[in-house]
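# Secondary and tertiary structure notes
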Amino acid sequence: MMLPDEILEEIYKIREEHAKAFNYDPKLIFADCLERQKQFEKEWKGKIIKTPLKKRKISNPSVNS
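Keep in mind it's a predicted model, so treat the numbers as computed, not measured. (Residues numbered from 1 in each chain as written. Predicted model: local features only at pLDDT ≥ 70, side-chain atom pairs only at ≥ 80, totals over all residues. Heavy atoms only, no water.)

Our focus in this paragraph is the overall build of the chain. The number of helices and strands found in the chain is three helices and zero strands. Taken from the N to the C terminus, the helices and strands of the chain come in the order α-α-α. Computed over its C-alpha atoms, the radius of gyration of the chain comes to 22 Å, more than 25% above the 11 Å expected for a compact globule of 65 residues. For the chain, the spread of C-alpha atoms along the three principal axes comes to 70 × 45 × 20 Å. In the chain, buried positions account for 6% of the 65 residues. Summing over all exposed atoms, the chain offers an accessible surface of approximately 7,300 Å²; the carbon and sulfur share of this is 60%. (Helix = DSSP H or I, 4+ residues; strand = E, 2+ residues; numbered from the N terminus. Rg over C-alpha atoms; globule rule 2.2 N^0.38 Å. Buried < 20%, exposed > 50% of the residue type's maximum accessible area, 1.4 Å probe, protein only. Areas by Shrake-Rupley, 256 points an atom, 1.4 Å probe, with all protein chains shown as cover.)

With 91% of its residues at a pLDDT of at least 70, the chain reaches an overall mean of 85. No element of the chain has a lower mean pLDDT than helix H3 (residues 61-64), at 61, and none a higher one than helix H1 (residues 6-21), at 95. (pLDDT = per-residue confidence, 0-100.)

Turning to the environment of Lys13, a few remarks are in order. Within the secondary structure, Lys13 sits in helix H1. By relative accessible area, Lys13 is classed as exposed at 53%. Residues Lys13 and Lys42, 29 residues apart in the sequence, show an inter-C-alpha distance of 27 Å.

With that settled, the discussion passes to the side chain of Asp32. For Asp32, the position within the fold is in helix H2 (residues 26-44). Residues in contact with Asp32, not counting those within four places in the same chain, are His18 and Phe22. (Contact = heavy atoms within 4.5 Å.)

Okay, the pattern of salt bridges next. Under the defined criterion, the tally for this structure stands at one salt bridge. One salt bridge connects Arg36 with Asp32, and the closest N-O pair in it is separated by 2.7 Å. One end of the pair, Arg36, and the other, Asp32, are both in helix H2, four residues apart, so they sit about a helical turn from each other. (Salt bridge = Lys/Arg side-chain N within 4 Å of Asp/Glu carboxyl O.)

Across its 16 residues, H1 extends 23 Å between first and last C-alpha, which sits within 8% of the 22 Å expected from 1.5 Å per residue. The N-capping residue of H1, defined by a side-chain oxygen 3.0 Å from the backbone nitrogen of Ile7, is Asp5. (Expected span 1.5 Å × (residues − 1). Polar contact = N/O pair within 3.5 Å; in protein donor to acceptor, adjacent residues only side chain to side chain.)

Below you can see the structure in the form of structure tokens.
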């Protein structure tokens, strides 16, 4: 038996409220998600630092022998 997960319960509640606000219409829910994503990108543009991945040397024991 699994114990209730408070975080998941909160996510389910938020998801239910969001769906209810759009009368459970998947097209409207998706359109809202896209709009929120665009808004997020506008607000955070240039504020998120992207660093390139560093190449690591991988030691190969068979080569070093």
